[in-house]
Amino acid sequence: MNSATAELSTFDEALARKALAYANTNVLRIALLQATGDPELAQMQVIQQPYWAGAYEVPVLAPEHDEAVREKAIAFMKGGGRSGCDVPDDDTLRRLMALMTGGSVPDWIFHFGKEELNLTPMPRGVGWRAGQPDANRRTAADVVIIGAGAAGLVTAIQLKQLGIPFTIIERNADVGGTWWTNDYPDARVDIPSHHYQLTVTQGHPWRHWFSPQSELLEYLRAIADQYELRPHIRFNTELTEAMWDEQPSRWTYSLKAADGAIEKHDARILVSAAGLFNEPNTPDIPGIETFGGRMFHTTKWDHDFDHAGKRVGIIGVGCTGAQLMPAIARTAAKVDIFQRSPHWVSRLEGYRDEIPAEFQWLFDNIPHYWNWHCFNVFYTLYGEDGALQHVDEEWRAKGGLINPKNDKLREAIRENILAEFSDDPAFAAKLMPSWPPFAKRLVVDNGWFDALKEPHVSLVTEAIDHMTEAGIVTKDGALHELDLIVLAGGFKTERYLWPVQYKGNDGITLERAWQQDGARTYLGITMPDFPNMFIVYGPNMNPRAGGLFAWLEIWSRYAVQAIAHMIEEGYNRIECRRENYAAYNQRLDDAQASCIWGLDGSQSYYISEQGRQIVNNPLRPSEAYSGVRNFEPSDYDLR
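In this section: the sheet that holds strand S11 (residues 311-315). Judged by pairing direction, the sheet is parallel, and its 5 strands sit side by side in the order S10-S19-S11-S12-S15 without closing on themselves. The open sheet is flanked by strand S10 (294-297) and strand S15 (457-460), the only strands paired with a single partner. Each strand axis lies, on average, 15 degrees off the axis of its neighbour in the sheet, ignoring direction. Taken together, the 5 bridges between S11 and strand S12 (residues 334-338) define a ladder with parallel strand orientation. Note that in S12 the partner of isoleucine 314 across the bridge is isoleucine 337.

On to empty space enclosed by the protein, then. This structure, assessed with the given rule, holds 5 cavities of 30 Å³ or more. Size it by volume and the largest cavity reaches roughly 60 Å³. What lines the largest cavity is simply Glu116, Asn118, His194, His195, Gln197, Leu198, Thr199, Thr201, Trp370 and Cys374. Looking at the lining of the largest cavity residue by residue, the classes come out as 3 nonpolar, 6 polar and 1 charged.

Another point: the sheet that holds strand S5 (residues 233-234). With parallel pairing, 5 strands are arranged side by side in an open sheet as S5-S4-S3-S9-S21. This sheet does not close on itself; its edge strands, each paired only once, are S5 and strand S21 (533-535). Of the pairings in the sheet, the one linking strand S4 (residues 166-169) to S5 comprises 2 bridges and is parallel in character. Paired with isoleucine 169 across the bridge in S5 is arginine 234.

Time to look at the nonpolar core. If you look at the biggest cluster of nonpolar residues, it comprises 202 residues, and the most contacted ones within it are Trp372, Trp448 and Tyr502. By residue number, the principal contributor to this core is helix H20 (residues 548-569), which donates 15 residues. Apart from residues no more than four positions distant in its own chain, tyrosine 502 is found in contact with Ile146, Leu239, Ala242, Leu270, Ser272, Leu497, Ile508, Thr509, Leu510, Phe530 and Met533. The next biggest cluster of nonpolar side chains, apart from the first, holds 11 residues, and it includes Ile288, Ile315, Phe338 and Ile472.

Right, let's talk about the pattern of salt bridges for a bit. Side chains that differ in charge, positive against negative, can pair when their charged atoms come close. Tallying each qualifying case throughout the model produces 44 salt bridges. When the shortest N-O distance is used, the salt bridge between arginine 221 and aspartate 174 registers 2.6 Å. Of this pair, arginine 221 sits in helix H11 (residues 213-226) while aspartate 174 sits in the loop between S4 and helix H10 (178-181), and the two are 47 residues apart along the sequence. Residue class for arginine 221 comes out partly exposed when judged on its relative accessible area of 32%. In this structure, arginine 441 and aspartate 190 form a salt bridge, with 2.8 Å as the shortest nitrogen-oxygen distance. Linking arginine 441 in the loop between helix H17 (425-430) and strand S14 (443-444) with aspartate 190 in the loop between H10 and H11, this pair joins segments that are 251 residues apart in sequence. You can call arginine 441 partly exposed: its relative accessible area is 33%. When salt bridges that share partners are traced, they join Glu115, Glu116, Arg124, Glu553 and Arg557 into one network.

Reading guide: rules and limits
- The residue numbering used here restarts from 1 in each chain and proceeds along that chain's sequence as written.
- In view of the model being predicted, local features appear only for residues whose pLDDT reaches at least 70, and side-chain atom pairs are presented and counted only at 80 or more, with totals across whole chains, interfaces and linings using the full set of residues.
- Water and hydrogen atoms play no part in the side-chain values, which are based on all heavy atoms of the structure.
- A pair of strands counts as paired when DSSP detects no fewer than two bridges linking them.
- Runs of H or I in DSSP of at least four residues are treated as helices and runs of E of at least two as strands, each being numbered from the N terminus.
- As a rule, the C-alpha atoms of each element are fitted with a line to give its axis, helices using only the stretch in contact, and angles between N-to-C directions run from 0 to 180 degrees.
- Definitions used throughout: a 1 Å grid over protein atoms alone; a cavity as a set of points that fits a 1.4 Å probe which cannot get out; a pocket as an open set with protein on both sides within 12 Å along at least five of seven lines; a lining residue as one with an atom within 4 Å of a point.
- Grid points are joined across faces, edges and corners, and a volume is the space filled by probe spheres set on the points.
- Polar here means any residue outside two lists: the nonpolar Ala, Val, Leu, Ile, Met, Phe, Trp, Tyr, Cys and Pro, and the charged Asp, Glu, Lys and Arg; Gly therefore counts as polar.
- Side-chain atoms within 4.5 Å are what join buried Ala, Val, Leu, Ile, Met, Phe, Trp, Tyr and Cys residues into a set we call a nonpolar core.
- Partly exposed residues are those whose accessible area sits between 20% and 50% of the maximum for their type, while under 20% is buried and over 50% is exposed, using a 1.4 Å probe and protein chains only.
- The contact criterion used is simple: two residues touch if any of their non-hydrogen atoms lie within 4.5 Å.
- A side-chain nitrogen of Lys or Arg and a carboxyl oxygen of Asp or Glu constitute a salt bridge if their distance falls within 4 Å.

Structure (structure tokens):
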């Protein structure tokens with residue numbers, strides 16, 4: 001019996017048809033087209049479908065083609081289900097992308113999308129140009145990585161693949177970074193799992209469309225184990241300071257162990273993968289120290305404290321506060337949510353759903369379906385190149401608010417909120433900000449609206465005046481008696497690389513380098529006066545579109561490309577040229593002028609104390625990606 005006959009004899013058509021009923025037929029069509037080359041699949045029409053209240057559009061197959069695609073899939077599987085093209089050439093791949101999206105594919109979407117398709121191992125990997133240098137040269141470029149979150153892990157994987165020695169310093173007890181720290185009830189991502197992943201893994205079997213914290217932590221732990229990174233990690237160890245020593249061109253740094261012991265070490269290259277959300281923001285409320293109940297920040301969740309039957313106050317209604325409140329409300333006797341200013345909250349279909357077994361069957365049994373599903377998620381988030389944040393002055397001159405798409409999204413969310421509270425429009429109005437969606441992060445409804453309708457849940461919009469032993473007193477004099485106060489105010493994002501004391505050329509500190517108008521870098525990765533130092537997730541690098549994990553890989557690749565170039569060319573020192581740094585930051589400032597962050601004086605964690613937007617990248621994703629796709633030696637002083 002040949003293999004095709006053996007596969008046919010075990011083919012369960014009923015199961016296949018059941019699974020295919022769940023399939024995205026446009027994804028299925030392109031997967032089959034890659035596998036079979038069937039020209040009929042290329043002739044089918046694609047239409048655009050709104051997603052997440054119209055924030056994005058998804059290319060979908062016109063419904064009249066659905067049944068034909070499913071029947072072709074059945075015939076393909078009956079014939080053995082083997083692909084005739086596992087890795088298409090670039091021309092074929094670009095054609096497949098264009099057929100899937102229903103239009104031409106710009107170069108940046110092609111290159112970025114090719115990586116997201118993940119058709120080959122390590123699509124964002126770094127290689128040597130002329131064979132691996134000898135061990136002595138590689139060892140001389142020893143690297144210390146700060147942080148064992150996703151950024152630190154993927155940087156370590158790149159270095160390990162190249163044979164470059166490294167050590168990871170992690171202040172926590174395990175890998176995971178923000179997904180280890182933020183373990184408050186019902187923490188989860190608001191980006192689809194199949195984009196919120198690293199390309200160093202392929203075909204990961206996610207259990208949820210939007211992964212909860214525990215599943216993401218499990219994923220990152222599995223990556224650390226798969227690539228055998230744990231022997232390279234010093235857990236429960238904190239970097240306290242790092243000083244550049246010009247004479248040997250090395251960083252001298254101090255480590256503080258769990259027992260308080262201080263050690264001194266040195267390394268040629270330092271990579272900070274500490275991330276943006278590492279310093280909790282504790283509100284400055286008079287009398288906060290007098291509260292007699294339990295109080296903690298969401299990053300320091302006390303899992304031994306049972307909030308069931310308790311009176312709970314939550315300060316903050318951003319992504320974290322809105323996300324955890326429904327879980328608290330399910331068991332607490334009373335919940336008061338203290339809202340300084342509202343956030344736009346929108347329902348997202350399937351946000352809490354598990355991935356059905358039938359979908360996993362498609363991923364496991366139909367060649368390329370998983371790859372094109374990942375591409376489809378990527379394209380949905382990036383297809384409009386960050387258009388939602390663009391201020392269209394011509395549109396505003398005609399009476400519009402931001403731009404046609406953003407205004408349409410705002411109206412759709414506003415109508416949804418009014419529909420949620422149709423019997424109380426005054427209450428609905430309290431949930432509507434004056435600023436546009438995406439001026440601050442759009443919040444996904446994790447049960448927020450339903451919980452607000454519960455009789456034991458109260459939204460407090462009166463400002464907090466002070467705290468007492470019994471609870472929180474608002475400006476109207478009302479005392480809110482509480483057993484637990486949850487601080488959900490987010491993080492001090494202006495404190496990049498905090499709390500480490502970094503000193504570069506001639507002892508210059510980051511505080512001094514950034515004192516004029518806040519944190520600045522070149523490409524979010526390097527800066528003058530701090531040689532041999534790379535940042536993975538630096539100032540002005542939060543992307544205008546998509547999930548963070550893809551960008552962490554891209555920034556990490558850039559840093560490792562630079563390190564590899566140093567080794568190959570025999571350099572000991574690399575420093576960003578000041579003129580390139582200045583020109584890049586001028587580009588950011590010019591681009592910021594046409595973005596919604598900080599528009600009309602609106603405030604958020606994006607804005608530094610000096611009034612400059614220092615978190616998001618105001619460049620279009622196409623520009624941002626092109627700038628960091630490949631390391632350019634001429635931008636640097638290499639010695």
